[in-house]
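Understanding the architecture of this molecule
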Amino acid sequence: MELGIAGKRALVTGGSLGIGRATAAELAAEGVDVAIVARDRARLEAAAQELSSNAASSNSGGKVVAIPGDMGNASDIARVVEGATAALGGIDILVNNAGSSPAGRIEDLDDDTWMASFELKFMGYMRLSRAVLPAMRAQKWGRIVNIIGGGGHSPRPGYILGGAYNAALINFTRALGKSGAPDGVLVNGINPSSIDTPRWASLMQQRSKFEGRTPDEINAGIEANIPVGRLGTSEDIAGLVAFLCSERAGFLAATNINADGGANPLTPMIDAT
């Protein structure tokens, strides 16, 4: 399928691992030039080098550049947007993926934990969207894809922080999508659940501590509730992101898509984000 985005320019946060890295690879394979962002400079630069090498093997592959930054820091966000714009010549596509929220019940989470997650997961997405939106409006074309999480519509005591902020991002995505669509800026969200990434392994360890079950026992219970019979992969989400960024998705705006293998969104599972 021709996606019609070769030559576009994308900024992908959380791009050194998991869904972000797979998304950068997918977009670069479509001929998109990509700036990836993460806090760990060494890991980020290694990822950019490998992704660029892989893309170069295709005559139509896009370049991948690394821009280290903390998306929970407002000044870093301004610097990253400026750096990506300079490196790529502009930003046509934004994939907000940086940021994860810890598992835990309300009594397990102090104010500092709540505020750190808010700055990274919610304010980071908002600030980046606000920074790139004017140029996208001016050129009458843009794509913003927010990687959110299923916990936003399936409240669970053991993921109260993440669920609360994901619910806010679901609302934010729909409102921003309605605002951007008249100017050709299409904003959509993806709610991944149960995606096998390094982040997932960390969450299973956290959940194990709170629930008194092993990660393997928790995973087995989760997989039993997924109709497709397995955890998702980063590539499953990356393919959906690429489609939402494409010309083929020109009639999708202000939409949040559950990527959960057919699981009931009210099933007490856990987010991948």
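A short tour of the structure in this document, coming up.

Rules and cut-offs
- Residues numbered from 1 in each chain as written.
- Predicted model: local features only at pLDDT ≥ 70, side-chain atom pairs only at ≥ 80, totals over all residues.
- Heavy atoms only, no water.
- Helix = DSSP H or I, 4+ residues; strand = E, 2+ residues; numbered from the N terminus.
- Rg over C-alpha atoms; globule rule 2.2 N^0.38 Å.
- Buried < 20%, exposed > 50% of the residue type's maximum accessible area, 1.4 Å probe, protein only.
- Contact = heavy atoms within 4.5 Å.
- Areas by Shrake-Rupley, 256 points an atom, 1.4 Å probe, with all protein chains shown as cover.
- Lys, Arg positive; Asp, Glu negative; His and termini not counted.
- Charge placed at Lys NZ, Arg CZ, Asp CG, Glu CD.
- Phe/Tyr/Trp six-rings, centres within 6.5 Å; stacked < 30°, edge-to-face > 60°.
- Lys NZ or Arg CZ within 6 Å of the ring centre and 35° of its normal.
- Polar contact = N/O pair within 3.5 Å; in protein donor to acceptor, adjacent residues only side chain to side chain.
- Salt bridge = Lys/Arg side-chain N within 4 Å of Asp/Glu carboxyl O.
- 1 Å grid on protein atoms, 1.4 Å probe; cavity = no way out; pocket = protein on both sides within 12 Å on 5 of 7 lines; lining within 4 Å.
- Points joined across faces, edges and corners; volume = space filled by probe spheres on them.
- Nonpolar A, V, L, I, M, F, W, Y, C, P; charged D, E, K, R; others polar.

For the rest of this paragraph, the subject is the overall build of the chain. Within the chain, the regular secondary structure consists of eight helices and seven strands. Its C-alpha atoms give the chain a radius of gyration of 18 Å, near enough to 19 Å, the size a compact globule of 273 residues would have. With the principal axes as the frame, the chain shows a C-alpha extent of 50 × 40 × 35 Å. Classification of the 273 residues of the chain by burial places 52% in the buried group. Of the contacts made within the chain by residues no fewer than 6 positions apart, 75% connect residues no fewer than 24 positions apart. When the accessible surface of the chain is split by element, carbon and sulfur atoms take 53% of a total near 11,400 Å². Charged side chains in the chain number 24 positive and 28 negative. The centres of these two groups are separated by 5 Å.

On inspection of all chains with the given rule, the structure shows four aromatic pairs. Measuring from centroid to centroid gives 5.7 Å for Trp-114 and Tyr-165, while their planes differ by 85°, and the two rings are edge-to-face. Of the two residues, Trp-114 is situated in helix α4 (residues 111–139) and Tyr-165 in helix α5 (residues 160–180); the sequence distance between them amounts to 51 residues. What makes Tyr-165 buried here is its relative accessible area of 11%. Chaining the aromatic ring pairs together yields one cluster made of Trp-114, Phe-118, Phe-122, Tyr-165 and Phe-172. A cation over an aromatic ring shows up here: Lys-8 above the ring of Trp-141, its NZ or CZ 4.0 Å from the ring centre.

Moving on, we get to the environment of Val-132. Looking at the element boundaries, Val-132 is found in helix α4. For Val-132, a relative accessible area of 3% translates into the label buried. Residues Val-132 and Asp-92 lie 40 residues apart in sequence; the distance between their C-alpha atoms is 8.3 Å. With sequence-adjacent residues up to four places away left out, Val-132 is seen in contact with Val-81, Ile-91, Leu-94 and Ile-144.

Turning next to the side chain of Arg-143. Inspection of the secondary structure assignment puts Arg-143 in strand β5 (residues 142–147). At 3.2 Å, the side chain of Arg-143 and the backbone oxygen of Ser-246 are in polar contact. What Arg-143 contacts, discounting residues up to four positions off in sequence, is Asp-92, Ile-93, Leu-94, Met-136, Gly-184, Leu-186, Leu-244, Cys-245, Ser-246, Glu-247 and Gly-250.

Another point: the pattern of salt bridges. Considering all chains together, one arrives at 13 salt bridges under this definition. Between Arg-21 and Glu-50 there is a salt bridge, with its nearest N and O atoms 2.5 Å apart. In this pair, Arg-21 is assigned in helix α1 (residues 18–29) and Glu-50 in helix α2 (residues 41–56), connecting sequence segments 29 residues apart. Since its relative accessible area comes to 23%, Arg-21 is described here as partly exposed. A relative accessible area of 43% means that Glu-50 is categorised as partly exposed. A salt bridge links Arg-127 to Glu-119; its shortest N-O distance comes to 2.8 Å.

Here the focus is the layout of surface pockets. Roughly 540 Å³ of volume is contained in the largest pocket. Contributing to the lining of the largest pocket are 24 residues, with Gly-14, Asn-97, Ala-98, Gly-99 and Ser-100 lying nearest its centre. Within the residue set of the lining of the largest pocket, elements represented by two or more residues are α1 and α6 (198–211). Broken down by element, the residue count for the lining of the largest pocket peaks at three residues, all from α1. Here the residues of the lining of the largest pocket are counted per class, giving nine nonpolar, ten polar and five charged.

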